[in-house]
Structure formats: C-alpha cells, structure tokens
4 protein chains.
Amino acid sequence: MAPQNKEQLDQKKHERKAQIMRAAIKVFAENGIKLTKISMIAKEAKVSHGLVYHYFTSKDEILYASLDWAVEEHKSAKLFQELNDHEVSPLEQIKQFTLFAFTESDTEISNGVFRIIQNLSSTNDLPEHLVQFVEKAGQFYIESLYPLFVEGQNSGEIIKGDAEELLGIYLTVLSGIMADDPAFWKDNTEQKVGILTRMISER
Amino acid sequence: MAPQNKEQLDQKKHERKAQIMRAAIKVFAENGIKLTKISMIAKEAKVSHGLVYHYFTSKDEILYASLDWAVEEHKSAKLFQELNDHEVSPLEQIKQFTLFAFTESDTEISNGVFRIIQNLSSTNDLPEHLVQFVEKAGQFYIESLYPLFVEGQNSGEIIKGDAEELLGIYLTVLSGIMADDPAFWKDNTEQKVGILTRMISER
Amino acid sequence: MAPQNKEQLDQKKHERKAQIMRAAIKVFAENGIKLTKISMIAKEAKVSHGLVYHYFTSKDEILYASLDWAVEEHKSAKLFQELNDHEVSPLEQIKQFTLFAFTESDTEISNGVFRIIQNLSSTNDLPEHLVQFVEKAGQFYIESLYPLFVEGQNSGEIIKGDAEELLGIYLTVLSGIMADDPAFWKDNTEQKVGILTRMISER
Amino acid sequence: MAPQNKEQLDQKKHERKAQIMRAAIKVFAENGIKLTKISMIAKEAKVSHGLVYHYFTSKDEILYASLDWAVEEHKSAKLFQELNDHEVSPLEQIKQFTLFAFTESDTEISNGVFRIIQNLSSTNDLPEHLVQFVEKAGQFYIESLYPLFVEGQNSGEIIKGDAEELLGIYLTVLSGIMADDPAFWKDNTEQKVGILTRMISER
DNA sequence: CATGAATGAGAATTCATTCAT
DNA sequence: TATGAATGAATTCTCATTCAT
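Just so you know, these numbers come straight off a predicted model, no measurement behind them.

### A word on the overall build of chain A
Scanning chain A from terminus to terminus reveals ten helices and zero strands. Ordered by position from the N terminus, the helices and strands of chain A form the series α-α-α-α-α-α-α-α-α-α. Within the span of chain A, comprising 203 residues, buried residues form 47% of the whole. Of all intrachain contacts in chain A linking residues separated by at least 6 positions in sequence, the fraction that spans at least 24 positions is 62%. Within the structure as shown, chain A displays about 10,500 Å² of accessible surface, and the carbon and sulfur contribution to it stands at 49%.

Written out as structure tokens, the structure reads:
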C-alpha cells in the first residue's frame, strides 16, 4: 500500500523536519523569539506556513524542538572532540572553542542555539519546561568550558578569581557579540579572538 | 479663555513632550523597538495613548524625536565633562566612561540611547532617514572615545593596533552586553569593567 | 479635561457593551458557540471586530460576560413576577412561563440564554468556571419551575412521578425545540404550548 | 497484475465507500456538519483523509452521498416493516417507531440521518441541491408516520386537529431532543416515550 | 489638550483540498 | 488504491493609528 518502504518515508520526514528546524534556529537567532514570524521560518525553509504546522503544533513547539534537535545534533560535533586534545594549553583550547563556535561552517546552528538560549534567558515569564531546557542547554556550554578555565587558572595562564563568574562574563560577552553583530567574526577572526581572550589571560 | 500666557504654555508643552520622550527611550531600550507598544510608552509616561499621538505622528517619529532629544540633552551632560579631566589617564577615563555610561543614575537615558542605536543598527531594512540618524548618533560615542584610545596608545597604556578597529571591538562588546544582558552591570560593576578593559590594556 | 462628565461616559460605555452582548447572545444562540465567529457578533452589533476586543478580551469572555449580563438583566423581568400570581393554577403558570420565555418580545435574550446554556451543557470539556456558571444559570430556570411542578402534582393537575425528572424532560423538549427550530413558536403559539403541556398534564 | 476480478474489485470499492459513509453519518450526526472535520470521518472510518478524497470529491459530497446512501439503505429496514403490523394500534406503532428510531442498535444510522437532516434544515443558506435533498429525505419520515397519525385520529386514539401539523410538532420535538441531548434516550426510554406520546394521545 | 472609542491591517493557527509517490 | 505531504483560505486576536467628544 505504501508506495515506498517505511524507512524511506521516515527518512524523508526527518529531513523535512530538520530543514524546518534549521531554518527556525537561524531565524529565531536573527530576530529574537517574539519577533520571529512563522512566515519567516516557512520562507527560510522554503515551505508553506501550513507545512510548518504539519510537523509542529505551535511556534513554541518549533522553538523547543529546534533547540533540542540542534543541541543533540551538535553535541558530538568534532568541535568538542578537539577540546580534549591534551597537547594544547587550556587558554589555547578556549581560543579554539571560540573560533570553532562562531566561525566554523555549520556554525549557523550552534551559533544560533547560543543566541536563542541567551534570548530565552532574558525572558521574564518563561514557561517551566523551557526554563528547564534553557538551563540544560546553557549548561552544555558551561560544562564544556568550565574545566578549561579551572585548569588554566591552576597553570597560571588565566587570571585568578571565581572561575564560574569569569566564565559567565566571557560567555556573556560572546553571546552579546553574536546577538548584536554576527558579522563581527567575518574578518580578522583570530586577531579578535586574541583580543577577547586578553580579558581573562594572565600577563 | 487662555489661562496662561504663551510662554507658559510652550513650556508646558515642552515638558509634556520630554515626559513622553523620556518614557519612550526607557521603554524602547528595555524592549526593543518592534516589541515596544505605544501603550507601553503611554503607560510609562502616565498619559493616554491618544495624547502620545497628539504630540507625535507615529511610532517611528517618537523613536526618531526621542533619540534626537536624548542625544542633544545628554551631549553636554557632566558624563563627558569628566572625560576631559586631564588629571586622569586615558585608560582610567575609558573605565570611567564605561562605568558612567552603563551604571550611573541618570544614565537610564544615555544608556538607553546606546541600546536603541544598537538595536537599530541590527535592523535590516532601516528607512534611509534613520540610517543617517543612527550613524550620527553612534558617531557620538565614537567621537567621545576615539581620542582617548589614541592617547592611551601613545602613552603605552593601550595595546597597539588600528585605534578605530580597537574602539569598534570595544563598543561592540559593550553594546552586545547591554542588549543581551543589561542586568550584567548590576553587581561587581567595577570588577567587571576592570576585566573588560583588560582586552585593550597593555601590561 | 474629560469632555463629558464621568457618568455620561460610563453610561455610554455600558450601553456599548450591552449592545455587543445583546448581539453576542443572539448570535451564539443561533449558531452555537463554536460556530459563532467574532465577525458575526461584530456585524450583528454593527461595530468592527476590533471594537469587540476593546471591550472584551476573548471570545470566551464575551460568552461569559454576555450570559452573566443577560441573566442579571432578565432575572427580575416581569416575566417571573407573573409567575407568582396565585390566582392562576400551577399548570396555567407553566403555560404562561413557556409562552413568555419563548415568545415574548424581548425574548430574543432570555430565549438565547436558554439555548446557549443548553449548548454549553452538551459541551464535553467545559472549563471549570463555565461549568459553575452554566449550572448557576441553568439552575435559574429549574428553580423557577420546580415549585410549580410539585404544586401541580399535589393539586392533581400534573401527572405523578419524580418532579425533577419530569421537569428535566420538559426543559429538554423546550430547549431542543428552540435549538432546532426557533421559528416553531411563530404561529399558533398558544395551541402549541397547549400540546406540549399535555405531556405532563393529568386529564 | 489485477489480483482479483472486476466484480470483486467493485465489491471491495463499494464496501470501502460504505465504510466511510457509515462513519460520516455517525460523525456528522454527533458533531453537526460544520464542526465535523474530514479528519474525524477518516479516523472513525480508520482510513487516511487522503483516501476519503479518493472516493468523494468534497466534504459536501460526502454529506450528500452519505445521506442518500443511508436513506436508501434503511428505507426497507425492518424498522419500518414493523410499522405495518396491523395487529398493533397506530399510537402503539408510533411509540415503537420512536423507540426504534432512537434506541435500536443499528439505528446509529437512521438516527444519524434524522439528526443530520434536522441540522441541515436549520441551516440558512443551504445550496439548492441540498434543500431538495433534505426535503426528500425528511419526507421519508413524514410519509412513514403520517398514515399512522390519521389512522389514530380516526380511531380516537390521537387528538383531533391538522394531522400534518401535529406530526410536524411531534417530529420537531423528537429531532430537537436528539440534537440537543442525545443521551436523553439512554435511561428509562420507554417511560420517556410514554410521556412524549402523551402530547398527542387522547385521554 | 486630553481621553479613550473605533477601525483595520497583520500574525498564529486550523483545516479542506490537492498532489506526489 | 492508499498515504500523508503540501498549500492557502479563513478565523481569532493584537496593536498602530485616527477621530469624536
């Protein structure tokens, strides 16, 4: 009865959803959550707004599902495999993280997630399930970098102080830049990362 | 019938407008331009929304006029008088500017202007007259700080490099933080400013 | 400042709301709740749909407020003063109630309330506050008629049996007719009421 | 390629359509025409909504065809064979009709038709072809009962008066109950039928 | 000047209908 | 046949803007 085998259909369906979620992440990140219109997501994904509702039940669900997907999708990205390269100093690894996170090819996504999380964090009356999620997702970045900060402090590379607070400041700066001026990273990326890391580097 | 002379009336009218513009700056800065509703401005100014339209013809005009007013109003504010205190080093003056600009009491306005400008800059299809304006207003910050950067480089306090670019990075970081997380400045302000200025300070 | 005294304005506002609520009762009654579009209410009230939302916050609130208003408005109507005329037999009073409730001039309202209540009663997942309300409003009819049924049974005019159940059947029939075929009452009303009351009259 | 002969295929096709129409009647009757979604019919029939459109070209056609089918299918049903049992008095036959029509097992269909017809009758701007149809279908009930009313009047069992009008009132009451409160028939059915027929019974 | 009533364009969501597979 | 993907018209609700008082 089914014209194609189930696997193919599921595959297709999954791709379609991914296509929409990818668009959603991009548009949400660019415009903020409230200002993102379903029509913008649909246009970016090159589908009708009706189809968006075929796959998702509401704007909120799109947001939620897209974030979830994006985090899962990129959790295991090579980005963080690199981070465990013990040949490189912690500060250098932080620089690499910064470079990867905001300049790598597929980064529209991970960059977007970062910005959306930031946008959500500043929302007042976030529904409980999203609060949880935002914390979980934000935690991902923190957990990836926190050990590097501590390690760097121990080795004297990074300035003293509450590592968590320092990390917080660093992430706030990064996400702020992304939100305000994503094009910032276009040119002289390495130089800019160098300047940013001066904030936390000893000497 | 006229209970007051013309001057008094003009005075009153001017105050009324200022009252609305002050509210507008605050609300625009807090919520972003698109998310600011006329009703929010009216409420903040404690007037009816109808009255807002008595003084201004559109939301855009409110924005435009309020920015214009705020910039003029604060151009000569003591904030920048301090900046010319030649007893203090350029880097110190930059720290003070940063402190003032984002944390001082009356700063609701100048801070607001900064954030709104930032918000406008990231808007894609800005009408031409606003583009002009944004540039003009943004210029204000640049002109205030640029001499200090150059001076600091000459005295060896600030790292070498294209002063304009350096200033650009610094302002991007500041405005990014304000846009993303205004509460950032609430606690430990001086310490945070200290960390931010490490980006550009020679050691 | 206010061009008219507060009382006049309140009066006007109240009339406007009543105008919309009157229309709402009519349209809800005619089309059922789900099928009633805001635009239908607006059209019936001869106002824009926007204005409807100026006075009410949602379709549900319109329904709720309109029912509340209608019940209050008509509770004390002369309709029920007549009912206590002790010169007339209970069965006769029931006939009069039936006549009044569905055929009298202003009845578009009370008739409407009856039908809407009926419509609501058959809704499955009614929000709690409406359940309460429906019961309260429905109770109104029951309380008005129940004593007459009991009295009629005592005097031998009305057939024996559980008075409450009998009343339930009678009201179900009435509301069913109203829902299905309001025009039913147009002609030969007295004769039709006569036939209906035969259901319960002892002979 | 054809695994079955033409006859078998036709048979299958016919069953499929019947399956959908049966579901349609049920769902239309339960929810009213406008509130019935294609998806509800498809679900009830356990087919995809796409298949519904394979057999029918529009929601209206489903309605029309289903009614047509249901009437034909049940015209000769035993329900009405019983009606011609001359051992039983006309009034008793009317009672039986009422019982059958609303409580018999297979009656989901004939009951449904009755309710849908009723629903259609109360629709304002019914397309012409449906008007015709509704009249034709409604006629079916009238033709079945009218002779019994006349007979009952002749034998003195049923009150005098215009038989057609009397029948109209009786049918209005029945259909009203079904539309408003189908659960009415659940309990004490015979007793309730007894009360309803009191409307028309002499003595 | 001042208020808030009134309007209508635009955004989220639902659902009949069409179409590719 | 059969499925469900895809589309777009229609509906609820929001909010900038205009207007009568």
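### Comments concerning a positive patch on the surface
Together, A:K34, A:K37, B:K34 and B:K37 give the surface a local cluster of positive charge. Of the residues examined, A:K34 reaches a relative accessible area of 59% and is grouped as exposed.

### Side note on the relation of the copies chain B and chain A
Once turned by 177° and shifted 0.4 Å along the axis, chain B lies on chain A with an RMSD of 0.7 Å. Here the copies are linked by what is in effect a two-fold axis. Taking C-alpha positions as reference, the residue of chain B nearest the rotation axis is B:G176, located at 1.9 Å. The residues that chain B uses at the interface reappear at the interface of chain A in 100% of cases, marking a shared surface.

### Examining the relation of the copies chain D and chain C
The relation between the two chain copies is a rotation about an axis coupled with a shift along that axis. Its rotation angle being 177°, the transformation that places chain D on chain C also includes 0.2 Å of axial translation and leaves an RMSD of 0.5 Å. A share of 100% of the interface residues of chain D reappears at the interface of chain C, consistent with the copies meeting face to face through the same patch.

### As for helix α8 (residues 128–154) of chain B
An α-helix turns once per 3.6 residues; consequently, residues spaced three or four apart project the same way. Between the first and last C-alpha of α8(B) there are 38 Å, a value that for 27 residues agrees with the 39 Å anticipated at 1.5 Å per step. A positive backbone phi angle near 80° is found at B:G156, which sits one or two residues after α8(B).

### Some words on the protein's contact with DNA strand E
In the vicinity of DNA strand E, 34 residues are found, and the nearest of them are A:Y53, C:R16, C:H54, C:Y55 and D:Y53. Taken together, the sugar and phosphate atoms account for 68% of what DNA strand E places within 4 Å of the protein. In the model, a phosphate oxygen of DNA strand E is placed 3.2 Å from a nitrogen or oxygen of the A:I38 main chain. With respect to DNA strand E, the backbone of D:K59 contributes an N or O atom lying 2.8 Å from a phosphate oxygen. Breaking the surface near DNA strand E down by element, the ones donating at least two residues are α3 (49–55) of chain A, α1 (6–31) and α3 (49–55) of chain B, α1 (6–31) and α3 (49–55) of chain C together with α3 (49–55) of chain D. Broken down by class, the residue content of the surface near DNA strand E amounts to ten nonpolar, 16 polar and eight charged.

### Quick look at the confidence of the model for chain A
For any part of a model where pLDDT is low, the fine detail of the predicted coordinates should not be relied upon. Residue-level pLDDT values for chain A average 83, and 83% of them are 70 or greater. Across chain A, element-level confidence peaks in α3(A) with a mean pLDDT of 97 and bottoms out in helix α5 (residues 78–82) of chain A with 52.

### Examining the UniProt feature "DNA-binding region" (unreviewed entry) in chain A
Annotation from UniProt places "DNA-binding region" (unreviewed entry) at residues 37–56 of chain A. Secondary structure over residues 37–56 of chain A splits into 75% helix and 0% strand, and the C-alpha atoms at its two ends are 14 Å apart.

### A look at the interface of chain D and chain C
If you look at the interface, chain D gives 27 residues, while chain C gives 27 residues. Both faces combined, the contact of chain D with chain C buries some 2,300 Å², and carbon together with sulfur accounts for 66% of it. Applying the counting rule to chain D against chain C returns zero salt bridges. Counting every contact that joins chain D to chain C gives four residue pairs in polar contact (both at pLDDT 80 or more).

### Focus on helix α10 (residues 189–198) of chain D
Most of α10(D) sits out of view: seven of its ten residues are buried. Residues of α10(D) that are buried include every one of D:T189, D:K192, D:V193, D:I195, D:L196, D:T197 and D:R198, and no others.

### Description of the protein's contact with DNA strand F
Of all residues adjacent to DNA strand F, which total 33 residues, the nearest are A:R16, A:S48, A:H54, B:Y53 and C:Y53. Counting only atoms of DNA strand F within 4 Å of the protein, the sugar-phosphate share comes to 65%. In the environment of DNA strand F, a phosphate oxygen lies 2.9 Å from a nitrogen or oxygen atom belonging to the side chain of A:Y55. C:Y53 is positioned with one of its side-chain polar atoms (N or O) 2.2 Å from a phosphate oxygen of DNA strand F. Those elements that place two or more of their residues in the surface near DNA strand F are α3 of chain A, α3 of chain B, α3 of chain C together with α1 (6–31) and α3 of chain D.

About the cut-offs
- Residues numbered from 1 in each chain as written.
- Chains lettered and ligands numbered in written order.
- Predicted model: local features only at pLDDT ≥ 70, side-chain atom pairs only at ≥ 80, totals over all residues.
- Heavy atoms only, no water.
- Helix = DSSP H or I, 4+ residues; strand = E, 2+ residues; numbered from the N terminus.
- Buried < 20%, exposed > 50% of the residue type's maximum accessible area, 1.4 Å probe, protein only.
- Contact = heavy atoms within 4.5 Å.
- Areas by Shrake-Rupley, 256 points an atom, 1.4 Å probe, with all protein chains shown as cover.
- Patch = residues over 30% accessible without salt bridge, like charges linked within 9 Å, V, L, I, M, F, W, Y side chains within 5 Å.
- Salt bridge = Lys/Arg side-chain N within 4 Å of Asp/Glu carboxyl O.
- Lys, Arg positive; Asp, Glu negative; His and termini not counted.
- Charge placed at Lys NZ, Arg CZ, Asp CG, Glu CD.
- Least-squares fit on C-alpha atoms with pLDDT ≥ 70 in both.
- Expected span 1.5 Å × (residues − 1).
- Near = heavy atom within 4 Å.
- Polar contact = N/O pair within 3.5 Å; in protein donor to acceptor, adjacent residues only side chain to side chain.
- Nonpolar A, V, L, I, M, F, W, Y, C, P; charged D, E, K, R; others polar.
- pLDDT = per-residue confidence, 0-100.
- UniProt positions renumbered as here; feature names shortened; annotations may be inferred.
- Buried area = accessible area lost by both parts, 1.4 Å probe.

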